[in-house]
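So the chains spell out like this:
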Amino acid sequence: MAPKETDWVEGAHERASQKKTHVSFPQLKYPSLRDEGLRDPLQWLTGKALDDGAEGLWRIHDKLYDFTTFMKKHPGGAEWLELTKGTDITEAFESHHINPTTEKMLNKFYIRDAKTPRNSPFTFHEDGFYKSLKRAVHEELKKIPKEASATADRITDGLFATLLCSSSLACWFENYFIATFWYIIASVSLAMLTVTCHNFIHRRTNWRMYLFNMSMWSYRDFRVSHVISHHLYTNTLMDLEISSLEPFLFYNPREDKPLHARFGFITEYFFFPFLFLLTFTKRFLSIFLRKGFFKAHYRWHDAIGFLLPLCMWFTSGSAFLHVLYTWLWINCTGSLIFFLIAVNAAHHHPDALKDGDQPKSETPDWGEHQVEALLDRKDINGNTFAVMTLFGDHALHHMFPTLDHSILKYLHPIFIEFSEKYQTNYRASTQFQLVIGQIKETMRTEFKTVDKRPLYPK
């Protein structure tokens, strides 16, 4: 039985102020290193390893495995196992492997049982919502045309070509208004290309995921902050996409939320334009601030972003300082557009479950939590280009992140069928309503209880 509203809210505020446990899941430890240092992906992985009881191995449910000899053979690429060594990868394993035969391979790498309980509230019962949906989706995928993913490839390639051409034209034209027109096209193209590349970052190693680095951001960092953190622990205190924005933006409700954070929908316009360059700078400085960082975490693709100004210089024939100036404007404007798309996509709305709101269960089904933590957009999901460039079909994407965005529409009917069967709180809104909701969420300080939230879709 759920606690009384007044008791739960009082206890939640106390836990939030003391930072001893998760607010929504009081049986769990407050994430180590969450509020310290640079709040970057490497720090997040280090803190997670401290909490997960994986003993330097890979943990799945309550068992420990050693995938060292399997890393180079991993179909998704060695990087996934390299990044997650020493952590609990239960949520990642379950959501990234749809084929049930994958589970049978684990026995080859089993070492021993874990000594401590899992530091995660989410469950994956065989007869629960997510596992049942996953089995149905595995069968449904056999019916989808093999060429269905070609649309996503063409959209990404088209945006890449548009970025190269428009950024060069922005330098080449001397007329202010014509140059400004192409600068705007280049900025929008950079933002949308970065979003579409997110589709490829979730999947096995491929060349299109490297295009994400045209923004100066690291796809490798994004695999941690977005794929391994945000997607698996959405809107909880373990969600790096929330904690990394603090203390500028607070999306989790807090009674002591500072004034500047309550008006985050305004201050973000001063902060977001520089995030692409700031993340690159922070990663570069880590070479000097962290011992062994260069060898362990810096890669050749960190320099891909410099190819854009070089291309602009060679093709436009303009002075290098003019090219650099134009590129900086394109990067900053593209950064602002990207992050405005991201924060207004699905999760930052008062009706989306946050850490600080009372869940229906302290050990929820992982899939049900994903549905609770977002709102779909009915005006985005019907168009493949919009889905690719605006984080569309978000509920299904969170259920099965390794699937190409352009095939998610084929799975929507079966997803709705199982959502109704298991009475999940699936909701579809509009882009405008989510923009308004994001403004309300930055200002929200009060926790929500079960009694205040609809349990079933309207």
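For clarity, every value in this text was computed on a predicted model and none was experimentally measured.

(A) Representation of the sheet that holds strand β3 (residues 110-113). Pairing is antiparallel in the open sheet, where three strands are placed in the order β1-β2-β3. Either end of the sheet is taken by a strand with one partner, and the two such strands are β1 (58-60) and β3. On average, each strand axis in the sheet is tilted by 35 degrees relative to the strand beside it, whichever way the strands run. Bridge count between strand β2 (residues 63-65) and β3: three bridges; the pairing is antiparallel. Directly across from leucine 64, in β3, lies its bridge partner arginine 112.

(B) Main features of the environment of leucine 390. On the secondary structure map, leucine 390 appears in the loop between α17 (384-389) and α18 (394-399). Accessibility expressed as a relative area gives 23% for leucine 390, which makes it partly exposed. Separated by 198 residues in sequence, leucine 390 and methionine 192 place their C-alpha atoms 7.8 Å apart.

(C) Just the pattern of salt bridges, in detail. A complete count under the given rule lists 32 salt bridges for this structure. Residue arginine 34 is joined to aspartate 35 by a salt bridge in which the shortest nitrogen-to-oxygen separation is 2.9 Å. Measuring nitrogen to oxygen at the nearest pair gives 2.6 Å for the salt bridge that ties arginine 220 to glutamate 82. Remark: glutamate 82 occurs in helix α3 (residues 78-84) and arginine 220 occurs in helix α8 (residues 219-230); sequence separation between them is 138 residues. Its relative accessible area of 31% is what places glutamate 82 among the partly exposed residues.

(D) Local environment of the side chain of histidine 349. With respect to the helices, strands and loops of the structure, histidine 349 is situated in the loop between α15 (320-343) and α16 (366-372). Leave out the neighbours within four places in its chain, and histidine 349 touches Lys354, Leu375, Gln433, Leu434, Gly437 and Glu441.

(E) Quick peek at the side chain of lysine 257. Within the secondary structure layout, lysine 257 lies in the loop between α9 (240-243) and α10 (259-262). We note that lysine 257 is buried and unpaired, the nearest opposite charge coming from glutamate 441 at a distance of 5.6 Å. Residue contacts for lysine 257: discarding those within four places in its chain leaves Phe250, Asn252, Arg262, Glu441, Thr442, Met443, Arg444 and Thr445.

(F) Representation of the confidence of the model for the protein in the model. Per-residue confidence for the protein gives a mean pLDDT of 92, with 97% of residues at or over 70. Note that residues 452-458 has pLDDT below 50 and, in this model, 19 contacts with residues that lie over four places away or in other chains.

(G) Inspection of a nonpolar patch on the surface at higher detail. A cluster of nonpolar side chains, contributed by Leu259, Phe263, Ile266, Tyr269, Phe270 and Met443, occupies part of the molecular surface with about 650 Å² of accessible area. The leading source of residues in the nonpolar patch is helix α11 (residues 264-271), at three residues. By the secondary structure assignment, methionine 443 is in helix α20 (residues 431-443).

(H) Focus on the packing of aromatic side chains. Summed over all chains, the structure comprises 43 aromatic pairs. Considering the side-chain rings of phenylalanine 124 and tyrosine 130, the 6.1 Å spacing of their centres and the 75 degrees angle between planes classify their relative orientation as edge-to-face. The rings of Phe212, Trp217, Phe222, Phe248, Phe271, Phe272, Phe276, Phe338, Phe339 and Phe391 are connected pair by pair, giving a single aromatic cluster. Between the NZ or CZ atom of lysine 63 and the centre of the ring of tyrosine 110, over which it lies, the distance is 5.7 Å.

(I) Just the nonpolar core, in detail. In terms of nonpolar packing, the biggest core is built from 102 residues, with Phe67, Phe272, Phe400 and Phe415 touching the most fellow members. Apart from residues no more than four positions distant in its own chain, phenylalanine 67 is found in contact with Trp58, Ile60, Leu81, Ile89, Leu106 and Phe109. One finds Trp8, Val9, Ala12 and Val23 within the second-largest nonpolar core, a separate group that totals six residues.

(J) Up close: the state of the cysteines. A complete count under the given rule lists zero disulfides for this structure. Here cysteine 197 is not disulfide-linked; the sulfur of cysteine 311 is the nearest cysteine sulfur, at 16 Å. As a non-bridged cysteine, cysteine 332 has cysteine 171 as the owner of its nearest cysteine sulfur, 14 Å distant.

(K) Spatial organisation of helix α12 (residues 275-289). Its 15 residues give α12 an end-to-end C-alpha distance of 20 Å, which sits within 8% of 21 Å, the value for a rise of 1.5 Å per residue. Every buried residue belonging to α12 is among Leu275, Phe276, Leu277, Thr279, Phe280, Arg283 and Ser286, and all of these are buried. In this fold, the buried residues of α12 make contact with α7 (176-201), α8, α11, α13 (293-297) and α15.

Cut-offs used in this document
- Position numbers for residues start from 1 in each chain and track the written sequence from start to end.
- Totals for whole chains, interfaces and linings use every residue, but because this is a predicted model, local features are given only for residues with pLDDT of at least 70 and side-chain atom pairs only at 80 or more, for both listing and counting.
- No hydrogens and no water enter the side-chain calculation; it runs on all heavy atoms of the structure.
- Think of it this way: DSSP has to see at least two bridges between two strands before they count as a pair.
- For helices the rule is a DSSP run of H or I covering at least 4 residues; for strands it is a run of E covering at least 2, with both sets numbered from the N terminus onward.
- Axis definition: a line fitted to C-alpha atoms, limited for helices to the stretch in contact. Angles are taken between N-to-C directions and run from 0 to 180 degrees.
- Type-normalised accessible area, obtained with a 1.4 Å probe on protein chains alone, sets the label of each residue: buried when under 20%, exposed when over 50%, and partly exposed for intermediate values.
- Only one rule defines a salt bridge in this text: a Lys or Arg side-chain nitrogen within 4 Å of an Asp or Glu carboxyl oxygen.
- We call two residues in contact whenever any of their non-hydrogen atoms come within 4.5 Å of each other.
- In this tally, Lys and Arg are treated as positive and Asp and Glu as negative; His is ignored, and so are the chain termini.
- The predictor attaches a confidence to each residue, and that confidence, scored 0 to 100, is pLDDT.
- Patch rule: a residue counts if its relative accessible area is over 30% and it has no salt bridge; like charges are joined within 9 Å, and nonpolar side chains (Val, Leu, Ile, Met, Phe, Trp, Tyr) within 5 Å.
- We get accessible surface area from the Shrake-Rupley algorithm with a probe of 1.4 Å; when it comes to residues, only the shown protein chains can shield them.
- What counts as a ring pair is set by centres within 6.5 Å for rings of Phe, Tyr and Trp (its six-membered ring), and what kind of pair is set by the plane angle: stacked under 30 degrees, edge-to-face over 60, tilted for all other angles.
- Cation placement over rings: the criterion is NZ of Lys or CZ of Arg within 6 Å of the ring centroid and within 35° of the ring normal.
- Note on terminology: a nonpolar core comprises buried Ala, Val, Leu, Ile, Met, Phe, Trp, Tyr and Cys residues joined through side-chain atoms within 4.5 Å.
- When two cysteine sulfur atoms are found within 2.5 Å, that pair is recorded as a disulfide.
- In a helix, the anticipated span is given by 1.5 Å times the number of residues less one.

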